[in-house]
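If you want the building blocks of each chain, they are given just below.
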Amino acid sequence: MKTLIILAITLALHSGLLATNLYEDGHAFAKAEKNHTSSLKKDPVQNTIKVALLLDTSNSMDGLIDQARAQLWELVNELAEAKCGNESRPDLKIALYEYGNDRLNAREGYIRMVNSFSTDLDEISKNLFSLTTNGGNEYCGNVIQNSLNQLEWGKNKNDLNLIFIAGNEPFDQGPVRYQDAASNACGKDVTINTIFCGDYNEGLQTKWKDGASLTQGDYIAINSDKATVHIPSPYDDKILRKNEELNKTYVGYGNLAPSKMALQNSQDSNAQSYGNANAVKRAVSKSSRLYKNTSWDLVDAMEENEEIIVELKETSLPQELKGKTEQEIKKYVSKKKEQRMAIQQEIADLNTKRKEFLESKTNAKDNELRNALVDAIKKQGRLKNYSWE
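To keep things clear, this report deals only with the structure shown in the data block. (Residues numbered from 1 in each chain as written. Predicted model: local features only at pLDDT ≥ 70, side-chain atom pairs only at ≥ 80, totals over all residues. Heavy atoms only, no water.)

Side note on the packing of aromatic side chains
Where we set the bar: Note on aromatic contacts: the rings of Phe and Tyr and the six-membered ring of Trp form a pair at centre separations within 6.5 Å, being stacked when their planes are under 30 degrees apart, edge-to-face when over 60 apart, and tilted otherwise. Note on conventions: DSSP H or I runs of at least 4 residues are helices, E runs of at least 2 residues are strands, and numbering of each starts at the N terminus. Here's how the labels work: a residue is buried when its accessible area is under 20% of the maximum for its type, exposed when over 50%, partly exposed in between, all with a 1.4 Å probe on protein chains only. Should the NZ of a Lys or the CZ of an Arg lie within 6 Å of a ring centre and within 35 degrees of the ring normal, that charge is described as sitting over the ring.
Applying the stated criterion across every chain, the model contains eight aromatic pairs. On the numbers, 5.8 Å between centres and 55° between planes, the contact of Phe196 with Trp208 is tilted. On the criterion of sequence distance, the pair formed by Phe196 in strand β6 (residues 190-197) and Trp208 in helix α7 (residues 208-213) is long-range, its members being 12 residues apart. Comparing Phe196 with Trp208 shows no difference in burial state: the two are buried. In this structure an aromatic cluster arises from ring pairing among Phe171, Tyr178, Phe196 and Trp208. Lying over the aromatic face of Tyr250, Arg340 brings its terminal NZ or CZ to 3.9 Å of the ring centre.

Structure (structure tokens):
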């Protein structure tokens, strides 16, 4: 009898242990399956329009540089309206190169990367205004190849990767064959668009069209010495007043804040140097989704990561937020965000009326550089299911 009792207890314990093991194994399997499923549900990749501007800064190109400065904000405003498919909106990154300038390093082919791909529109504007011209050797193949090697083009097949190279010397100069550079561009899913500053047929004869055709890009000839036309509207003054209000919604943090806020103001002034109508275009850009300053503005930074406040040191906060609790800081920043959104909407509404006013007054032959960029981007974007409102 005693033996039977011991045997029964042993079997019961064994059954319980087996059940426990089965439960734990099943639970572990379910957990592993859940983790595997989660790993398959990756966040959607953010599509990006990447534009590399390769500008000839030799002596004869002052007009080209002037046009690039004067037409930057209109380009940004056009790209802010882009959509990927029917829902998501792409980011915008712009890189800038100069080439053909004697002040640049001869060993590097008289080429300089002014800025790599960046979403910092103020920095890009500053760099455009920093360019100066000086006679030199213009090696198109070299600068294209450099931009392919040095920039992070990525592997997202839905990104729109575009090079725009502008100049006025033969396209086939220099030690790097433009045909080889074009072949490398195709391998990286990059389209080369060429802008010849001069007569269309001369650009044709000097291989600028061929340079674009090899990647199915666009070729256009422009008069680079023609001044950019900015047409005023009855809504300009109101938009510029709203821009002043917009600047007051920025809450600087960290070491970058003082210099970045000063940069924002200086680029307002640079845009204003081309007149009120151009300053308005920048104000519209600043009210768009593409103008973000997460590295120094708490409003933008908190929209991306609300917990950044926990990570910030007291010394990183602006004077008005020092000594405040986390809740007080969130409340202050939230109020600034509400103000900004209201101002941005007012600018957008005014800009809609402004655009309607300008429709009948815009000449298609004005601002050829901007037109070349926008037309090529839209045409090539549609091949990847991009659309514009």
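Read on, since the account is not over.
Some thoughts on the nonpolar core
For clarity, the threshold we go by: Residue types Ala, Val, Leu, Ile, Met, Phe, Trp, Tyr and Cys, when buried and joined through side-chain atoms within 4.5 Å, form a set referred to as a nonpolar core.
Counting residues in hydrophobic clusters, the biggest one holds 54 residues, and the most contacted among them are Leu55, Phe164 and Ile377. With eight residues, helix α2 (residues 62-79) is the largest single contributor of residues to this core. Leu54, Val143, Ile144 and Ala221 belong to the second-largest nonpolar core, a separate cluster that totals 27 residues.

Some remarks on α2
Spelled out, the test is: Each residue after the first adds 1.5 Å to the expected span of a helix. The angle separating two fitted axes, one through the seven residues that finish at a residue and one through the seven that start at it, defines the bend at that residue.
The terminal C-alpha atoms of α2, which comprises 18 residues, lie 25 Å apart, in line with the 26 Å expected from a rise of 1.5 Å per residue. The principal kink in α2, of about 45°, is found at Gln71.

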